Amino acid sequence: MTLLLALGVSGLVFLVATDRLFIHPRPDSLAPADAIVMFAGSPGRLEHAVGLARAGYAPTLAVSMPTANDPCPPPIPNVEVICFAPDPLTTQGESRWTAIAAARYGWKSVIVVTATTQTTRARIRLARCYSGKVLMSPVPPPRNMWPYMIAYEWAAMGKALVFQRGC
């Protein structure tokens, strides 16, 4: 009976943590920023990032393109578009690039476009590299990708918290 209770409580804690960390992460209210930085990944991010740029949220749009198959958006009126390949080709590399670009261009605030499931981990990675204001603007992944992305995020979060604790 005690084992069953422990398993039930553990399962409940796991489900609540999954919901809080990856399904419904802490939201940010969007406000104008110095740049919009799109982390590469699931569909919908590029369209969302371009929409924010067109709406005037920032004068610069930086788009992560870790592979040759990732598109760089066409020019946007009154917006500088920067396409970059992070090193390494991970959220950690994108966070490092953001910090370096912020220092180079004088960005004090950024809007980061990423998947809903990646929001918490990206926030942790960015806080280790960049001291400016970060507003997360998540894009939900397609419904069929949620199970994979949640499993991936649990593993990636463990890696970020245990093995890669620096910028």
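Anything mentioned here points back to the structure above.
Residues numbered from 1 in each chain as written. Predicted model: local features only at pLDDT ≥ 70, side-chain atom pairs only at ≥ 80, totals over all residues. Heavy atoms only, no water.

Where do I start with unusual backbone geometry in this structure?
Negative phi characterises most residues that are not glycine, and trans characterises most peptide bonds. Cis peptide bonds are those with omega within 30 degrees of zero, and the linkage from D87 to P88 qualifies with 5°. Looking at the element boundaries, P88 is found in the loop between strand 3 (80-84) and helix 3 (91-105). We note that N78 has phi near 65°; this positive angle belongs to a residue other than glycine. Its location among the elements puts N78 in the loop between strand 2 (60-64) and strand 3. Given the relative accessible area of 77%, N78 is considered exposed. (Helix = DSSP H or I, 4+ residues; strand = E, 2+ residues; numbered from the N terminus. Buried < 20%, exposed > 50% of the residue type's maximum accessible area, 1.4 Å probe, protein only.)

Explain the packing of aromatic side chains here, please?
How two aromatic rings sit relative to each other is given by the distance of their centres and the angle of their planes. Across all of its chains, the model carries five aromatic pairs by this definition. Relative to W154, the ring of F22 lies with its centre 5.1 Å away and its plane at 80°, an arrangement referred to as edge-to-face. Residue F22 is found in helix 1 (residues 2-23), and its partner W154 is found in helix 5 (residues 146-163); the two are separated by 132 residues along the sequence. Three or more aromatic residues joined by ring pairs make a cluster, and in this case those are F84, W97, Y105 and W107. (Phe/Tyr/Trp six-rings, centres within 6.5 Å; stacked < 30°, edge-to-face > 60°.)

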